[in-house]
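What follows is each chain in one-letter form.
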Amino acid sequence: QVQLVESGGGLVQAGGSLRPSCEASGRTFSSYVMGWFRQAPGKEREFVATISRNGGTTYYADSVKGRFTISRDNAKNTVYLQMNSLKPEDTAAYYCAAGSSLQYIIGLTSFQYEYWGQGTQVTVSS
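Only a predicted model underlies this, so the values are computations on that prediction, with no experimental measurement involved. (Residues numbered from 1 in each chain as written. Predicted model: local features only at pLDDT ≥ 70, side-chain atom pairs only at ≥ 80, totals over all residues. Heavy atoms only, no water.)

**Observations concerning the state of the cysteines**
Under the counting rule described, the total for this entry stands at 1 disulfide. Across a sulfur-sulfur distance of 1.9 Å, Cys22 and Cys96 are joined as a disulfide pair. Its S-S torsion of about 45° marks the bond between Cys22 and Cys96 as right-handed, since a negative value means left-handed. Note that Cys22 is positioned in strand S3 (residues 21-24) and Cys96 in strand S9 (residues 92-99), a separation of 74 residues in sequence. (Disulfide = S-S within 2.5 Å. Helix = DSSP H or I, 4+ residues; strand = E, 2+ residues; numbered from the N terminus.)

**Things to note about the pairing of strand S7 (residues 68-73)**
A one-sided burial pattern is seen for S7, the buried positions being Phe68, Ile70 and Arg72 and the unburied ones Thr69, Ser71 and Asp73. With 6 bridges connecting them, S7 and strand S8 (residues 78-83) associate as antiparallel partners. Pairing of Arg72 across the sheet is with Val79, part of S8. The antiparallel hairpin formed by S7 and S8 contains 4 residues in its connecting segment, where Asn77 sits at a positive phi of about 55°. (Buried < 20%, exposed > 50% of the residue type's maximum accessible area, 1.4 Å probe, protein only. Pairing = 2+ DSSP bridges.)

**Points about the side chain of Arg67**
Turning to its location among the elements, Arg67 is positioned in the loop between strand S6 (58-60) and S7. On the basis of relative accessible area, Arg67 is assigned to the buried category, the value being 10%. Side-chain polar atoms of Arg67 contact the backbone oxygen of Ser85, separated by 3.0 Å. Beyond its immediate stretch of four places on either side in the chain, Arg67 contacts Gln82, Met83, Asn84, Ser85, Leu86, Lys87 and Asp90. (Polar contact = N/O pair within 3.5 Å; in protein donor to acceptor, adjacent residues only side chain to side chain. Contact = heavy atoms within 4.5 Å.)

As structure tokens, this is what we get:
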């Protein structure tokens, strides 16, 4: 089992940057596919980005492609989401997730993840 703790959210003006991080407990972090999802008030949770176990493969939602970068440091049990050129529509609670199934190299849907963090709020003002 793994526990995930996000940090690094906050309030930023449009055009600014934030870098949320997610630290995992346990010794097997490198065996998990990692992902970031977000949920805005009144909306369903949506996929943002995912990264493979060794960091060699990434995939992004079209809405964040070119602005967000997902990365991981397996030595630090941490996954990051560098968010640049933020827009008000990026405002949401951001959740990291970990998936252990060897069936997937990356994960674009929530059902591919067993473990979720508590979320970190990102608010972008116009």
